[in-house]
Amino acid sequence: MAARPVVDAVIEKRPAHPPRASFAAQLGALLWKDLLIEWRRRELLASLIVFSLLVLLVFDFAFDLRRIEMPVAAPGILWVTFIFAGVLSFNRAFALEKDRGTWEGLLLAPVDRGAIYLAKLLAGVLFMLAVEAVSLVLFAALFDLPADVPRLAAAVAAGTLGFAAVGTLFAAIAANTRARDIFLPVLLFPVSVPVIIGAVKATGLAFGSSDSGYPWLGLILAFDAIFLAVSFAVFEFVAEE
Amino acid sequence: MNTRLGWLTGILMACSLYAIFLYAPVERTQGPPQKIFYFHVPLAWVAYLAFFCTLVGSVGYLRTGKTRWDVLAYSAAEVGVVFTTLVLISGSIWGKTIWGAWWAWDARLTSTLVMWFIYVAYLLLRSSIGRTTVRAARYAAVLGIVGFIDVPIVHMSVTWWRTLHPQPTVANPAGPTLPPAMLATLVLCLVTFTVLFVWLLRERMAVESLRHEIEDLAAGIIEAAA
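What counts and how
- Residues numbered from 1 in each chain as written.
- Chains lettered and ligands numbered in written order.
- Predicted model: local features only at pLDDT ≥ 70, side-chain atom pairs only at ≥ 80, totals over all residues.
- Heavy atoms only, no water.
- Contact = heavy atoms within 4.5 Å.
- Buried area = accessible area lost by both parts, 1.4 Å probe.
- Salt bridge = Lys/Arg side-chain N within 4 Å of Asp/Glu carboxyl O.
- Polar contact = N/O pair within 3.5 Å; in protein donor to acceptor, adjacent residues only side chain to side chain.
- Helix = DSSP H or I, 4+ residues; strand = E, 2+ residues; numbered from the N terminus.
- Nonpolar A, V, L, I, M, F, W, Y, C, P; charged D, E, K, R; others polar.
- Axes fitted to C-alpha atoms, helices over the stretch in contact; angles between N-to-C directions.
- Parallel < 35°, antiparallel > 145°, perpendicular 65-115°, else oblique.
- Left-handed = near helix turned anticlockwise from the far one by under 90°.
- Expected span 1.5 Å × (residues − 1).
- Buried < 20%, exposed > 50% of the residue type's maximum accessible area, 1.4 Å probe, protein only.
- Core = buried A, V, L, I, M, F, W, Y, C linked by side-chain atoms within 4.5 Å.
- pLDDT = per-residue confidence, 0-100.

**Here we look at the interface of chain B and chain A**
Here's step 1: Between chain B and chain A, the residue contacts involve 27 residues of the former and 31 residues of the latter.
Here's step 2: Between chain B and chain A lies a buried interface of about 2,700 Å² when both sides are counted; carbon and sulfur atoms form 75% of it.
Here's step 3: For the pair chain B and chain A, the number of links is zero salt bridges.
Here's step 4: Here chain B is connected to chain A by four residue pairs in polar contact (both at pLDDT 80 or more).
Here's step 5: For the side of chain B that touches chain A, the secondary-structure elements that each account for two or more residues are α4 (107-129) and α5 (134-163) of chain B.
Here's step 6: Its residues placed into classes, the side of chain B that touches chain A shows 19 nonpolar, five polar and three charged.

**Focus: the packing of helix α3 (residues 44-63) of chain A against helix α4 (residues 70-100) of chain A**
Residue and element names in this part refer to chain A.
Here's step 1: With their axes 9 Å apart at the nearest point, α3 and α4 run at an angle of 150 degrees to one another. By the angle between their axes, α3 is roughly antiparallel relative to α4. Judged by the sense of rotation from one axis to the other, the crossing of α3 with α4 is right-handed. The residues of α4 that touch α3, namely those facing L44, L48, F51, S52, V55, L56 and F59, are I77, L78, V80, T81, F84, A85, L88, S89 and R92.
Here's step 2: For the contact of α3 with α4, the per-class residue count stands at twelve nonpolar, three polar and one charged.

**Considerations on helix α9 (residues 193-206) of chain A**
Residue and element names in this part refer to chain A.
Here's step 1: Between the first and last C-alpha of α9 there are 20 Å, a value that for 14 residues agrees with the 20 Å anticipated at 1.5 Å per step.
Here's step 2: Across the 14 residues of α9, 13 count as buried, placing the element largely inside the fold.
Here's step 3: Looking one or two places after α9, you find G208, whose phi comes out positive at around 85 degrees.

**Re the side chain of S58(B)**
All names here are of chain B.
Here's step 1: Of note, S58 is situated in helix α2 (residues 37-64).
Here's step 2: Take S58: its relative accessible area is 0%, and that puts it in the buried class.
Here's step 3: A distance of 2.7 Å separates the side chain of S58 from the backbone oxygen of T54, its partner in a polar contact.
Here's step 4: In this structure S58 touches A73, A140, A141, G144 and I145, once residues within four positions along its chain are discounted.

**Section: the nonpolar core**
Here's step 1: One finds F139(A), L169(A), F170(A), F235(A) and V142(B) to be the most contacted residues of the largest nonpolar core, which totals 110 residues.
Here's step 2: If sequence neighbours within four positions are ignored, F139(A) has contacts with L56(A), L65(A), M70(A), A74(A), I77(A), L78(A), D144(A) and L145(A).
Here's step 3: If you look at the next biggest cluster of nonpolar residues, it comprises 15 residues, including L43(B), A47(B), F193(B) and L201(B).

**Description of the confidence of the model for chain B**
Residue and element names in this part refer to chain B.
Here's step 1: Per-residue confidence for chain B gives a mean pLDDT of 86; residues scoring 70 or more make up 93%.
Here's step 2: Here α5 stands out as the least confident element of chain B, with mean pLDDT 87; α2 is the most confident, with 93.
Here's step 3: Residue range residues 164-171 is modelled with pLDDT below 50. Its contacts to residues more than four positions away, or to other chains, number twelve contacts.
Here's step 4: The ipTM for the predicted assembly is 0.84, set against a pTM of 0.87.

**Re the pattern of salt bridges**
All names here are of chain A.
Here's step 1: Overall, the coordinates contain twelve salt bridges over all chains when judged by the stated rule.
Here's step 2: Residue E97 is joined to K33 by a salt bridge in which the shortest nitrogen-to-oxygen separation is 2.7 Å. In this pair, E97 is assigned in helix α4 and K33 in helix α2 (residues 23-41), connecting sequence segments 64 residues apart.
Here's step 3: The class of E97 is buried, set by a relative accessible area of 6%.
Here's step 4: Taking the relative accessible area as the measure of exposure, K33 reaches 25% and is therefore partly exposed.
Here's step 5: With a shortest N-O distance of 2.9 Å, K120 and E97 are connected by a salt bridge.

Structural data, given as C-alpha cells:
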C-alpha cells in the first residue's frame, strides 16, 4: 500500500465511531468485572453461604427434620433456601451499581444492553450455584440423604437458570424503587412459580421421590427458554435512563 | 358518550338480574347457590380481558412511548385487579356452599391467585416509583408483558403439579351442556359485564389522563417560577 497522507493517518487514529468489541468479548469483560469485584471484596458469597446454612438450621428447628420423610420435605426446604439466597444476590448485583453510580457508567459504555443482562444473569447464576453446591453437600451429609447426583445437579442448575433469568430482569427494576429489598420478591415470586414448581419436582425425583408422571426437567428447560427469551428482549427498556 | 355507556350498563345490569333470579331455572343439585355462576364466570372473563388490555397498552407504550397507551395499561390493570379479587371472593362463597370449604388448592384457584399477585405487584410497582413518571411507565410495561405471558405458563405448571395429587373432584359448575335458558342468561351476563368493564375502563382512563395533565401543568408552573 502506498504511503498515506498525514491527515488520513490522523483521522484513522481518531475514528468517529470506534469499533465495538464483539458481543462475546463485551459479555466476557462485564462478567469478569462482576466476578473480580466479588473476588476482591469476598463479601457476598461468604455471607450468602452462611445465610443459607442458617435458613436450613431454622428449618430443622421448625420441622424437626429427623422425624419427617426427607425425600418429600428436602426439595422444598432446599428450594426455599436457594430462592432466598438468590433474591439477596440479585438485589446486591444492581444495588452495588446504583449506590456507587457505576450503573450510569455501564449504560454509557459502548456495550450491548443484552450483554449487560447476560453478564448480570451469569454472575447471579454462578453465585447461586456456589451457594447451592455448599448447601447441598452439607445438607446431604447432615441428613444422610442418598441422591442421584447427576440428576440433582441438572435439576438444580436448570431451576437456578430460570429463576435467575426473571430475577435479574426484576432486580434491575427493583433497584429503582424505594423499598428494593422487599420489592424484588414481591415481583419475582409469583412470576417464577412455574420454574419453582418444576425445580422442586425435579429435585424430588433426584432424591428418589416416587411421584413422577411428567418429565419435569424438560419442562423446566422449556420454562427457562421462555423466561430467558422474554427477559432478554425487554431488558433494554429497563436499562434506559 | 361515557354517560350513555353508564346508563346502558345500568339497564343491562337490571336485565341480567331479572334473567338470573327470575328467568333462569334453579339448578337441580346445587339449588340457588348456583346463581353465583352467572357473576363468577363473567367476572373471570372481564379479569382476563382487562389484563389483555394491559398487555396491549404495555406493548403500545414500549413501541411508541405515547402516554395514552400507558394510561390504558394502568387503568386496565387496576380494573383487572378489582375483578380478579371479586372472582376469588365469589368463588370462595360458592366453594363454601358447594364443596364445604372456602378454598381448595385446585389448579385453577391457585393459578388465579398467582395471577392476582402478579398484578397486585404491578400496582405496587406503580405506587412505589411514581404513577406518572416515564420510568414507572416503562417498568410497569415490562411487568405487564412478562406477567401476561406468565399467566398461561403458571396455569400449565400448576395443573401438572396438582394432577399428581388427586384432588376432591371439582365438578364442572353446570356441566358441559347448559340448558338453553341458563346459557342465554350466561351470555347476557357476559355482555353486561363486558359493557361494565368498558365503561369503568373509560372512566378510569379519563381520570388518569387528567392526572397526567395536572402533573404536566404543575411541572410547567415550577419551571416558569424557577
